[in-house]
Amino acid sequence: AQKVTQAQTEISVVEKEDVTLDCVYETRDTTYYLFWYKQPPSGELVFLIRRNSFDEQNEISGRYSWNFQKSTSSFNFTITASQVVDSAVYFCALSEAWAGRRALTFGSGTRLQVQP
Amino acid sequence: SAVISQKPSRDICQRGTSLTIQCQVDSQVTMMFWYRQQPGQSLTLIATANQGSEATYESGFVIDKFPISRPNLTFSTLTVSNMSPEDSSIYLCSVGQGAMNTEAFFGQGTRLTVV
């Protein structure tokens with residue numbers, strides 16, 4: 001069965017610091033998708049990125065970057081020069097590609113607090 | 001990306017009553033899902049809402065407690081029945097789109113408090 005582990009329960013940084021959120025996953029499928037979502041205090045889930053298992057290129061979007069390493073089953077998320085608005089709970093999630101199973105399995109989340 | 005409208009956004013309900021949550025999507029989608037997020041916890045899949053057939057429930061969730069309807073490809077409802085304080089959670093609707101339905105988008109959630 002699939003599993004997503006976010007070992008960091010809570011991280012606190014000071015504004016402008018870089019921070020990396022860890023995500024380790026388990027799956028028996030060779031085709032799968034990994035996601036990161038941001039959940040601010042208002043509760044909605046904001047989609048950040050989706051990455052498929054065949055694309056190991058790292059991705060950068062503004063202050064956000066993602067490092068996907070199949071060899072270690074990790075999909076880590078880095079925020080550069082963090083800002084107070086980055087304070088939220090961040091979830092990593094996995095979707096397996098076999099027929100009938102498209103729902104996401106979520107990690108437990110990492111609460112990021114960015115202090116001014 | 002799909003635009004998902006979920007109603008109500010929040011509610012406070014008396015124990016023993018039921019609440020129906022609606023999820024409306026602005027385009028036809030094959031896959032619709034319902035998740036629960038208990039306070040301070042992660043998201044857990046309740047069920048997959050199948051159009052034209054009964055929902056597929058995950059372990060620990062039953063139809064009598066969480067009946068789901070999916071009358072067409074743009075709409076679904078989740079009912080939380082005979083509520084107790086333990087049902088206080090955020091309930092989220094999600095849809096799958098794109099190749100192999102791997103685009104996953106969420107409604108804004110329904111924050112339910114049972115008193």
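Higher on the page you've got the structure.
The sections below set out a description of the structure shown in this document.

Cut-offs and rules
- Along each chain, residue indices are assigned from 1 in the same order as the chain's sequence is written.
- For naming, the first written chain is A and the first written ligand is 1, with later ones following in the order written.
- In keeping with the predicted nature of the model, local features appear solely for residues at pLDDT of at least 70, side-chain atom pairs appear and are counted solely at 80 or more, and the whole-chain, interface and lining totals rest on all residues.
- With hydrogens and water set aside, each side-chain value is computed from the structure's full complement of heavy atoms.
- Only a pair of cysteine sulfur atoms within 2.5 Å qualifies as a disulfide here.
- A run of DSSP states H or I qualifies as a helix once it reaches four residues; a run of E qualifies as a strand once it reaches two. Both are numbered from the N-terminal end.
- Think of it in three bands: with a 1.4 Å probe and only protein chains considered, a residue is buried below 20% of the maximum accessible area for its type, exposed above 50%, and partly exposed in between.
- Put simply, a salt bridge is a Lys or Arg side-chain nitrogen that is within 4 Å of an Asp or Glu carboxyl oxygen.
- It only takes one pair of heavy atoms within 4.5 Å for two residues to be counted as in contact.
- The term buried area denotes the loss of accessible surface (1.4 Å probe radius) that occurs when two parts are joined, taken as the sum for both partners.
- Any pair of nitrogen or oxygen atoms within 3.5 Å is treated as a polar contact; in protein, a donor-acceptor pairing is required on top of that, and neighbouring residues in sequence qualify only through side-chain atoms on both sides.

Residue and element names in this part refer to chain A. Evaluation of the coordinates by the stated rule reveals 2 disulfides over all chains. Covalent S-S linkage joins C23 and C92, the inter-sulfur distance amounting to 2.0 Å. Taking the torsion about the sulfur-sulfur bond, which here is approximately -65°, the covalent link between C23 and C92 counts as left-handed. Of this pair, C23 sits in the loop between strand 3 (19-21) and strand 4 (24-26) while C92 is found in strand 10 (residues 88-96), placing the two residues 69 residues apart along the sequence. Side by side, C23 and C92 carry an identical accessibility label, which is buried.

What follows is about unusual backbone geometry. Cis rather than trans, the peptide bond between K7 of chain B and P8 of chain B has omega equal to -10°. As for its position among the elements, P8 of chain B is in the loop between strand 1 (4-7) and strand 2 (10-13). With a phi close to 85°, K16 of chain A is a non-glycine residue in the positive phi region. Within the element layout of this structure, K16 of chain A appears in the loop between strand 2 (10-14) and strand 3. If you check the backbone angles, N82 of chain B has positive phi at about 45° while not being a glycine. Looking at where N82 of chain B falls in the secondary structure, it is placed in the loop between strand 8 (75-80) and strand 9 (89-97).

Moving on, we get to the pattern of salt bridges. The tally for this structure, following the rule as stated, stands at 4 salt bridges over all chains. The closest approach of N and O atoms between R51 of chain A and E59 of chain A, which form a salt bridge, is 2.3 Å. Of the charged contacts, one joins D87 of chain B and K65 of chain B as a salt bridge, the two residues approaching to 2.6 Å between their closest N and O atoms. With a gap of 22 residues between them, D87 of chain B in the loop between strand 8 and strand 9 and K65 of chain B in the loop between strand 6 (56-57) and strand 7 (68-72) connect regions that are remote in the sequence. One salt-bridge network, held together by shared partners, links R51, D55 and E59 of chain A.

Turning our attention to the interface of chain A and chain B. Every contact between the two is made by 20 residues of chain A and, on the other side, 20 residues of chain B. Counting the surface lost from both chain A and chain B, the interface buries some 1700 Å², and carbon and sulfur atoms represent 56% of this. Between the two partners, chain A and chain B, sit 0 salt bridges. Along the contact surface separating chain A from chain B lie 5 residue pairs in polar contact (both at pLDDT 80 or more). Breaking the side of chain A that touches chain B down by element, the ones donating at least two residues are strand 5 (32-39) and strand 6 (46-52) of chain A. Considering every element that reaches the side of chain A that touches chain B, the biggest residue donor is strand 5 of chain A, with 4 residues.

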